[in-house]
Amino acid sequence: MAITILEGSTFCICDDVGDLGGWATSGLFAEDTRFLSILKLTIDGKRPLLLTSDKVDYFSAAFYLRNPPSDGLLPDEVSIIRERFVGEAMQDRIVVQNQGMRAVSFELAIEVACDFADIFAVKDYDFALGDPLRAEPLPPLVGCRYDEDNNQFLLADETGVPAETQVIMSRRGEVDGMRAAFRIDLEPRERWDLRLDIVPLLDDAQVIPHAAERRFGDELARVRESLAAWQLRVPQLRATWDDLAQAFGRSVSDLASLRMHGGEDGVGKLPAAGMPWFMTVFGRDTIITCLQTLLFGPELAVTALGTLAELQSTVDDPVRDAEPGKIIHEVRRGKAAHSWHGNYYGTVDATPLYLILLSEVWRWTDDAALAETLKAPALSALDWIDKRGDLDGDGFVEYMKRSRRGLDNQSWKDSHDSQRFSDGTLAEPPIAPCEVQGYVYDAKLRTAELAREVWRDRELAERLEREAEDLRERFNQAFWTEERGGHYVLALDGQKRQVDSLCSNVGHLLWSGIVPDDRVDAVVDSLMGDSLWSGWGIRTMSTQDRGYNPLAYHNGTVWPHDNSLCAWGLARYGRWPEAHRIIRQMLTAARHFDYQLPEVFAGMPRTETRFPIAYPTAARPQAWAAGTPVLLLTLLLGLHPDRRQNTLESLAPPELPAWAGSLRLSSVRAFDRLWEVRLEDGRAIVSPG
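Residues numbered from 1 in each chain as written. Predicted model: local features only at pLDDT ≥ 70, side-chain atom pairs only at ≥ 80, totals over all residues. Heavy atoms only, no water.

Participant: Describe the packing of helix α12 (residues 505-512) against helix α13 (residues 517-528), with residues and values.
Facilitator: Taken N-terminus to C-terminus, the directions of α12 and α13 make an angle of 140 degrees; their axes are 9 Å apart at the nearest point. As far as their axial angle goes, α13 and α12 are oblique. Pair α12 / α13 crosses with left-handed handedness. Residues Val506, Gly507 and Leu510 of α12 touch α13, and the partners they reach there are Val520, Val523, Val524 and Leu527. Looking at the contact of α12 with α13, its residues break down into six nonpolar, one polar and no charged. (Axes fitted to C-alpha atoms, helices over the stretch in contact; angles between N-to-C directions. Helix = DSSP H or I, 4+ residues; strand = E, 2+ residues; numbered from the N terminus. Parallel < 35°, antiparallel > 145°, perpendicular 65-115°, else oblique. Left-handed = near helix turned anticlockwise from the far one by under 90°. Contact = heavy atoms within 4.5 Å. Nonpolar A, V, L, I, M, F, W, Y, C, P; charged D, E, K, R; others polar.)

Participant: Residues and numbers for the state of the cysteines, please.
Facilitator: Counted under the stated rule, the structure contains zero disulfides. Cysteine Cys144 shares no disulfide, and the gap to the nearest cysteine sulfur, in Cys114, comes to 10 Å. Of the residues examined, Cys144 reaches a relative accessible area of 21% and is grouped as partly exposed. (Disulfide = S-S within 2.5 Å. Buried < 20%, exposed > 50% of the residue type's maximum accessible area, 1.4 Å probe, protein only.)

Participant: Tell me about the pairing of strand β9 (residues 90-98), and please be specific about residues and values.
Facilitator: For β9, the buried fraction is high: eight of the nine residues fall into the buried class. Relative to β9, strand β8 (residues 78-86) runs antiparallel, the two sharing nine bridges. Bridging from a neighbouring strand, Ser79 pairs with Gln97 of β9. The antiparallel hairpin formed by β8 and β9 contains three residues in its connecting segment. Alignment of β9 against strand β16 (residues 191-201), held across eight bridges, turns out to be antiparallel. Pairing of Val95 across the sheet is with Asp193, part of β16. (Pairing = 2+ DSSP bridges.)

Participant: Describe in detail the side chain of Thr347, supporting the description with residues and values.
Facilitator: Structurally, the position occupied by Thr347 is in the loop between β21 (343-344) and α7 (350-365). Within the structure, Thr347 has its side chain in polar contact with the backbone nitrogen of Ala350 (distance 3.4 Å). Among all residues touching Thr347, those that are not within four sequence positions of it are Arg284, Lys326, Ile327, Ile328, His329 and Gln410. (Polar contact = N/O pair within 3.5 Å; in protein donor to acceptor, adjacent residues only side chain to side chain.)

Participant: Can you break down the side chain of Ser418 residue by residue, with the values?
Facilitator: Following the sequence through the fold, Ser418 ends up in the loop between α9 (375-389) and β22 (432-433). Note on Ser418: relative accessible area 1%, which makes it buried. Side-chain polar atoms of Ser418 contact the backbone oxygen of Lys413, separated by 2.5 Å. In this structure, Ser418 is in contact with Asn409, Lys413, Leu490, His554 and Asn555, ignoring residues within four places of it in sequence.

Participant: Which residues make up the sheet that holds strand β12 (residues 152-157), and what values do they have?
Facilitator: One open sheet holds the eight strands; their spatial order is β6-β7-β8-β9-β16-β13-β12-β11, and the pairing between them is antiparallel. The open sheet has two edge strands, β6 (49-57) and β11 (144-147), and neither has a second partner. Mean inter-strand twist for the sheet, computed between neighbouring axes without regard to direction, equals 15 degrees. Direction of pairing for β6 relative to strand β7 (residues 60-66): antiparallel, over a ladder of seven bridges.

Participant: Outline the packing of helix α10 (residues 434-453) against α12, supporting the account with residue identities and numerical values.
Facilitator: The geometry of α10 relative to α12 is characterised by a closest axis approach of 8 Å and an angle of 10 degrees between their N-to-C directions. One element, α10, and the other, α12, form an angle in the roughly parallel class. Where α10 abuts α12, its residues Cys434, Glu435, Gly438, Tyr439, Tyr441 and Asp442 lie against Asn505, His508, Leu509, Trp511 and Ser512. Looking at the contact of α10 with α12, its residues break down into five nonpolar, four polar and two charged.

Participant: Tell me what's going on with unusual backbone geometry, and back it up with residues and numbers.
Facilitator: In this structure, Pro430 follows Pro429 across a cis peptide bond, with omega equal to 0 degrees. Structurally, the position occupied by Pro430 is in the loop between α9 and β22. Of note, the phi angle at Asp44 is positive, near 50 degrees, even though the residue is not glycine. Assignment of secondary structure puts Asp44 in the loop between β5 (38-43) and β6. On the basis of relative accessible area, Asp44 is assigned to the partly exposed category, the value being 23%. In this structure, Lys496 is a non-glycine residue whose phi angle is positive, near 65 degrees. Looking at the secondary structure, you find Lys496 in the loop between β25 (491-492) and β26 (498-499). Classification of Lys496 as partly exposed rests on a relative accessible area of 31%.

Listed below in structure tokens is the structure:
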């Protein structure tokens, strides 16, 4: 079993006894580089036996172990406690105790090694997102030097981007290569301890060993204080529906763990996309997570808007799929930035989503100064949509990679095989995804509102409204098919043929508001019919399409964030029973994942499975999965900011389902005020807090 702990963009993946090196994807990672590949603990040359282990907080874990039998030790004579903390670096504390009635003598040893692989090379060994059978060999382990004066191992890689790892030991042992052995003699009940301070370095001066303990103490205090401050600032929920209360609490913790802290590139306290391979800024993922969590207040979203504006492309660079006005897809550092890209722009939807987030923050805050400050990046985003996003001048936004190392598919379903016709054949680019046209439609209407009410540019507002209405008409002609009772197709391919599979993307069209009233029933029936509805959630592809596979990453699985946006769309059109069905079943599913919704789970029908089937390599925690319970709670309560009156109101139907129980949500922030929301006797009541 893998255990992962993290803080910011530093994370550790280890096995259930705390060792690194049991599989190709384990290790200590920072700055998109693996800084420790192997960390093994042995007792008399054997692996300790597990009692139990788990995370304590998102940034710490504890492993309770016992000795294996050996020539010098009887079974269970020695207990081993291994405690681990991750901050900007990692600390291990190992405590062994003689639990027997006689004096014992044994050897405890640690072994360390590192290959300094970049995160993409490691990710290739992940069966979900890589290709382990054809992955390139990982780099060889580097040499290890023992610094006797400071009692530390030094592992250094001088190739490409210089990287170094310090492994500082609190006790001296017998060193042989990459191994340090400690001869331990213990009387009954006597204890012995060892501290390891593991410091990853990229172009930084080494940590002075005697200062490491103080540094780690300060870092642990900082992380704990940061978590406590976050927990006090977000709304407090008390609910009789236990699944909701537990999932919401887990979301608070997971989103705290994914916050990245300030750096020279402007990345502030905004959420990384997810563990383990996406601990960085992702334009699309970051924006959607911020949209889901405005209930928490505007800080994450405001930081994201500012950071993404700073990273917005100003140049045309085919190597990075960059174009002026385009919002970034992904930021990488360290070795990964050299092996792939530092800033990569291969995303077709982040740019209109940026405009949607700017509008939504304004609607929750009435912060005209923010909208004025971000006017220039907003206008640049609009310019990209009209001039660069539309590759062939047909009025639809398409994508086609220009970078040799870029992504083949650049919508949210960005796996290589996600754009399939109903017969299973792959669509060829340039591809115009259906949901992106909806995002553009919504973005133009929202930006028209900003132009009229904040920027005082009526001409721009009127032009954007005309363009949005024209897009709505053309979209409803080009993307609709009468096949299978009538539905919106997944996309248009490079020859303007309808990519005619039925997918969850149609729920995003409801969220954007591009669906005319006379087609809403058909869309809702598609979403909630047996071919898309699994019983736990909406599948990414219908069972009637040949490409459907309940285990395929984007072709039949269930994505919590995708379902949350579908529910948002259903609520927008007043389809409350269907929205409530998603809310209830998604939070029921969370119970089976220890209330930590994964990035994705299998799309197998609930009638055939007693519980939702885990997708074995799904990211957990993952930002927009963690944001899902927060948005589902917002939708359940029907919370809606009324900017004109600067009030928070509920648009929920007057009789909410009995299963929702009663709840109290306090310290909700909107318009620089605190609000309290109660659910009592089936009614949501909002009052100043």
